[in-house]
Amino acid sequence: MLDLIVIGAGLTGLIAAHTAARAGKQVKIVTKGLGATHWHAGSIDVLGYYPNSATPVQRPLETVRDLTRARPQHPYAILDGTLSDALKNFVALAQELGLPYAGAANDGDNLWLPSPVGAARPTFLAPRAQLAGDLRRPEPMLIVGLRGMRDFYPELIAENLNKQGHRARAAFLPLDLITERHDSNTVHLASALDDPARRMKLAAELKKIFQPGERIGLPAILGLDAHAVALDDLQAQVGAPIFEIPTLPPSVPGVRLTNALRHRLRQLGVRVEINADVIGFHAEKDRVLWIESDASGRPLKHRAEKFLLATGGILGGGINSDHTGKVWEVVFNLPLTTPHDRGEWFRARFFDPAGHPIFRAGVPVNREFQPVDANGGRVYENIWAAGNILAHTDPILERSLEGIAIATGMATARSACNLKP
Amino acid sequence: MKRIETEILVIGGGATGTGIAWDAALRGFRVLLVEKRDLTHGTTGRYHGLLHSGGRYVVKDPHSAAECIAENRILRKTHMHCIEDTGGFFVVTPEDDNEYPDQFYAACARLEIPCEEISVAAALKREPLMNPEARRVFVVPDGAADSFQATHSTAQAARQAGAQILNYHEVVQLLVEGGEGDRRVVGARVRDVARGEDVEIRARMTINAAGAWSGVVAKTAGVRVDVIPGKGTMLAVNHRIINTVLNRCKMPDDGDIIVPIHTVSVLGTTDERVEDPEHLTIEPWEVELLLREGEKLIPGVSRTRFVRAWAGVRPLYQEHYNGASRDATRDLTLLDHKTRDGVAGFLTILGGKWTTFRLMAQVTMDKACEYLGTCKSCVTAQTVVPGVEQGHYWLGHRLREVEEHHLQSELVCECELVTRAMLENAARNNPTLTLDDLRRDVRLGMGPCQGGFCTYRAAGILHQVKSQNEKGKSEEPARWEVAYMQSPAHNQRSAISDQPSAVGGQPSAVSGQQSQFANPNLLLRDFLQERWKGLLPILWGRQLKQERLDELIYLALMNADHLPDENATSPMSEFYARIAFSGQLSANSDQHSAFSEEPISRER
Ligand SMILES: Cc1cc2nc3c(=O)[nH]c(=O)nc-3n(C[C@H](O)[C@H](O)[C@H](O)COP(=O)(O)OP(=O)(O)OC[C@H]3O[C@@H](n4cnc5c(N)ncnc54)[C@H](O)[C@@H]3O)c2cc1C
């Protein structure tokens, strides 16, 4: 019998499975897809904006303390102080995986990284390849695009950076330095740069256009499997600090992180069953005995002692809804916090600073991260919930998506498997 | 103030006004058309997409039906490339009256509308998702028509015949001269919206083709025109779940047609009298009604994914009418204000349908000719517009060109197969102030992701073109044909015609001179808001998930809600920001007052 089945293979599910497997537990992941990590920037947002404030958060771990006091049901509040340890664990893990992450030079500050439109993006930890982009650094930036690449616009980025007082200029190199394909996306480009010969061509061109003292921003395509080598190699050949700017999905930094974690899970003997849509479950009294998945039309039962729900809310497909205003949790039909009426789901402005109420729909949990009902009673004794499916937060609006994913992924796995922090 | 002299001034750049400019120019008149926003901003760009065979009106309104079938035959030739020859079914569902189908069939025969009854089994073979419980099915020559493409092609034909077309030019005041008993309209004062200047236009004849806004325009000359504004709502399914137009075979009512057009299928419509034609509110009951009625034609349709809702307003007219807009006549009405109100030099054209726009233009210009003292006859029925050599539109045309020419990595919008060159050329050659104008030109952002990916790319590309223009590095504006703006292959070659560029000095989002609107941050914000407006009424299920991904992209990845120039606005910003779905929250209300975050129990 398995100790734990994790449902969902986004960052939350991968981290949770890793935490349990590393402690020697028998773990399996059952999942429909790979979650949102490869859609996002690959960095770890902890808290970028305090609810209803337009000013970016300077020191997220400190501001999280205010947040947990003001909102005792927020997932960070339930974590009860384990957030910063979780982040330290993550940094150590990433180091082991050969994909090192770090924070701002001034420990505890948010980084300000240039976004693909040239806005300053507050994030707490970033892959090594993004760090030289920190907008607190004084060196002027040269943003280099590849002519014809549809997901990267260096002139736009440079113009917006300049408008915000960061010196930047734009330049283009030909796309065929890297690929001859007619249908290339960012992942193809990254994997083309795993090839040292292509990197050499790119480095030679970069050397011609950069001016001493500049740091160079490129789209995040600097290698896929050989990323670490690719980055060192390019910086050495060009002789300037180089940083990646994440692009539209598929986002290469997100893909790298997912790949690295899955690789580690394989080493730990954790199976990841993809394409397995969980369509039912069986419970006796308040104990779930098995879940049932549908993979290419073949129903399969999965049994375990415990189940960890990491299906990622509306974005991940863990919460569904219909035109009548019904909103439901798709695996266990757990109670949800949600606006009562479809007329209350949205605000008039897409960019409303208060966000859209429907995106706060989530599974309410007790202090152990076990789903509860309206009276606060535990629904099932052997179910835990983590990540983006949790109630009382809008992690995309707060820019807390990965912070919540990592910290609650670790905390729930520990709680479910009775592990010591 | 700048002054322009012309013979004929046309107000309104919908199907009707553009048709009039075309007709007038072909008859040899000097004609100027002004449209307050982009061409087809009005009802023409918000309609159902059906080229009527007349079947819908045969029993209720035979006169309209006769006009429809006649025009249907003509438009299939003059505007062939704007029409997909889908054919249409009239389906008798178990809900429908048993008498009506025979009346319908007989009336079609009387009006010579080709109509053939086929077996339900044969119909199901062609449209497998159609209600299998249907009792009878009739086939008629309905079609699907792209009003954006048709209006642009008509406008191009008009330009080629010498007409001048100015969009983002709004009539603020008709100019009236003379005293009691001898009043005449001599033109209009017009606001150049992009430049913020007024222009005085003098004309011998002023034609009001402002559709549902006609009353507002006429009022500035002291003339009363009571339009019956009948709002209709439509919903788009994210697929071509059908390839034939499906009509219920019964008296026309709400929600009884589904039209396959381009990549989607559209359920419609409702019909409700409204006050304000500009800011239309889609009511939750309309969405529910369309889903409920849609189920009767295609069981299960309410569980498919919807990508958008929109509403348009019918410019119906009936002198001294007080009833429901559904029952108002679909006939066209030409108001001769000289005989009606004692105001010469001024005509208003109302009513009708998209299908009859050419006829409306003809009737209007026949009357105008009487007053202008020339009797040149109408030739539009025998004249094709540019682009017809492409043949009928068919769903795979873009895909074929993209594949044949290996344009995959050129795609800016994967949903609608819009290439970079299509976008660049349209922005250079059509007056463009917002990305929404480009949507109407090339269908940018009209597919399932509703701008999720292409908004960013389009803003980036326009910015790039603008930077090149500013550096003076602009290549010679491509020789480019408006009628081919939807063709990936044509745009890649960027020239097959010697027609002059269409812009005629009008500002655009890529010309540096209009840099206040050419701001990429503004373009991006405006378009995201515009898409949001049409999404609100149908956001649930998978489309809601898609929207959350778009949030991930624009908030978490881009931080686009914290870009510079937060206060910049375009002439359209206010329009996009107006609430389109009633029952939704006001802006900026406190996060917690909105709903209780207490868990609600679910039955298990
Ligand atoms: C819901 C719905 C569905 C429909 N479906 C179909 C269908 O399937 N098939 C069909 O054949 N017909 C259909 N119709 C009817 C058809 O869409 C209209 O009859 C037709 O589009 C009207 O065109 P128009 O040019 O007269 O008006 P509009 O397209 O409204 O044009 C008027 C223009 O005038 C402009 N304007 C207004 N005020 C001013 C000013 N002061 N200065 C300058 N310009 C101004 C407006 O911006 C607008 O662009 C439908 C109508 C509705 C409402």
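For the structure given in this document, a descriptive report is provided here. Since we're looking at a predicted model, the values are computed, not measured.

Moving on, we come to the packing of helix α1 (residues 11-22) of chain A against helix α12 (residues 401-417) of chain A. Geometrically, a packed helix pair is captured by the angle between its two axes and the distance between the axes. Residues and elements named next belong to chain A. It is at 8 Å that the axes of α1 and α12 come closest, and there the two elements cross at 35 degrees. The element α1 and its partner α12 pack so that their crossing is right-handed. Facing α1, whose interface residues are Leu11, Thr12, Ile15, Ala16, Thr19 and Ala20, α12 presents Glu402, Ala405, Ile406, Thr408, Gly409, Met410, Ala413, Arg414 and Cys417. Looking at side-chain class alone, the contact of α1 with α12 contains 9 nonpolar, 4 polar and 2 charged residues.

Let's shift gears to the pattern of salt bridges. Scanning all chains against the criterion turns up 68 salt bridges over all chains. A:Arg59 serves as the salt-bridge partner of A:Asp109, at 2.6 Å between the closest nitrogen and oxygen. Of the two residues, A:Asp109 is situated in the loop between β3 (101-102) and β4 (111-114) and A:Arg59 in the loop between β2 (27-30) and α2 (60-70); the sequence distance between them amounts to 50 residues. Using a relative accessible area of 8% as the deciding quantity, one classes A:Asp109 as buried. Here B:Glu272 and B:Lys231 are joined by a salt bridge, their closest N and O atoms 3.8 Å apart.

What follows concerns the site of the ligand. Residue and element names in this part refer to chain B. Around the ligand sit 35 residues in total, of which Thr16, Glu35, Thr44, Leu50 and Thr355 are the nearest. Contacts to the ligand include threonine 43, whose backbone N or O atom sits 2.9 Å from an oxygen atom. At 2.7 Å, a side-chain N or O of threonine 355 approaches an oxygen atom of the ligand. The fraction of the free accessible surface of the ligand (1000 Å²) that becomes covered by protein chains is 96%. Contributing elements (two or more residues each) for the shell around the ligand: α1 (15-26), β10 (169-177), β13 (228-237) and β18 (306-316). Here the shell around the ligand is composed, by residue class, of 13 nonpolar, 17 polar and 5 charged. Formed jointly, the shell around the ligand draws a minimum of three residues from each of two domains, domain 1 (2-43 + 148-228 + 329-382) and domain 2 (55-61 + 75-141 + 229-313).

Residues and elements named next belong to chain A. Examined bridge by bridge, strand β12 (residues 277-284) and strand β13 (residues 287-295) share 7 bridges and lie antiparallel to one another. What sits directly across from alanine 283, in β13, is valine 288. Linking β12 to β13, which pair antiparallel, is a turn of 2 residues; within it lysine 285 sits at a positive phi near 50 degrees.

Enumeration over the complete set of coordinates arrives at 18 aromatic pairs over all chains. Measuring from centroid to centroid gives 6.0 Å for A:Trp345 and A:Phe346, while their planes differ by 80 degrees, and the two rings are edge-to-face. A centroid spacing of 5.8 Å and a plane angle of 35 degrees characterise the contact between B:Tyr105 and B:Phe138, whose relative ring orientation is tilted. One end of the pair, B:Tyr105, is in helix α3 (residues 100-110); the other, B:Phe138, is in strand β7 (residues 136-140), and 33 residues separate them in sequence. Its relative accessible area of 0% is what places B:Phe138 among the buried residues. Over the ring of A:Trp328 we find A:Lys326, and its NZ or CZ is 4.9 Å from the ring centre. Sitting above the plane of the B:Phe29 ring, B:Lys376 keeps its charged end 4.8 Å from the centroid.

Another point: unusual backbone geometry. Residue A:Pro249 is joined to A:Pro250 through a cis peptide bond whose omega torsion reads 0 degrees. Structurally, the position occupied by A:Pro250 is in the loop between β10 (242-245) and α9 (252-267). Of note in this structure, B:His262 is not a glycine but carries a positive phi near 45 degrees. Here B:His262 shows up in the loop between β15 (257-261) and β16 (264-268). Assessed through its relative accessible area of 4%, B:His262 is described here as buried.

Here the focus is the interface of chain A and chain B. Contact with chain A, which involves 89 residues of that partner, is made by 75 residues of chain B. Of the roughly 7700 Å² buried between chain A and chain B on both sides combined, carbon and sulfur atoms contribute 58%. Counting the surface chain A buries against chain B, the share from its top three residues, A:Arg150, A:Phe350 and A:Phe351, is 11%. Applying the counting rule to chain A against chain B returns 5 salt bridges. Here B:Glu414 makes a salt bridge to A:Arg150, at a shortest N to O gap of 3.4 Å. For the interface between chain A and chain B, the tally reads 26 residue pairs in polar contact (both at pLDDT 80 or more).

Right, let's get into the sheet that holds strand β7 (residues 141-147) of chain A. Residue and element names in this part refer to chain A. Strand order in the open sheet formed by 4 strands is β8-β7-β9-β10, with parallel pairing between adjacent strands. Bordering the open sheet on either side are β8 (168-174) and β10, each of which pairs with just one other strand. If you compare each strand with its neighbour and ignore which way they point, the axes differ by 30 degrees on average. Bridge analysis of strand β9 (residues 215-219) against β10 gives 4 bridges, and the strand direction is parallel. Bridge pairing in β10 places proline 219 opposite isoleucine 245. Running at roughly 175 degrees to β8, helix α5 (residues 154-163) makes contact with β7, β8 and β10 of the sheet.

The rules behind the values
Residues numbered from 1 in each chain as written. Chains lettered and ligands numbered in written order. Predicted model: local features only at pLDDT ≥ 70, side-chain atom pairs only at ≥ 80, totals over all residues. Heavy atoms only, no water. Axes fitted to C-alpha atoms, helices over the stretch in contact; angles between N-to-C directions. Helix = DSSP H or I, 4+ residues; strand = E, 2+ residues; numbered from the N terminus. Left-handed = near helix turned anticlockwise from the far one by under 90°. Contact = heavy atoms within 4.5 Å. Nonpolar A, V, L, I, M, F, W, Y, C, P; charged D, E, K, R; others polar. Salt bridge = Lys/Arg side-chain N within 4 Å of Asp/Glu carboxyl O. Buried < 20%, exposed > 50% of the residue type's maximum accessible area, 1.4 Å probe, protein only. Near = heavy atom within 4 Å. Polar contact = N/O pair within 3.5 Å; in protein donor to acceptor, adjacent residues only side chain to side chain. Areas by Shrake-Rupley, 256 points an atom, 1.4 Å probe, with all protein chains shown as cover. Domains from an automatic or database assignment. Pairing = 2+ DSSP bridges. Phe/Tyr/Trp six-rings, centres within 6.5 Å; stacked < 30°, edge-to-face > 60°. Lys NZ or Arg CZ within 6 Å of the ring centre and 35° of its normal. Buried area = accessible area lost by both parts, 1.4 Å probe.

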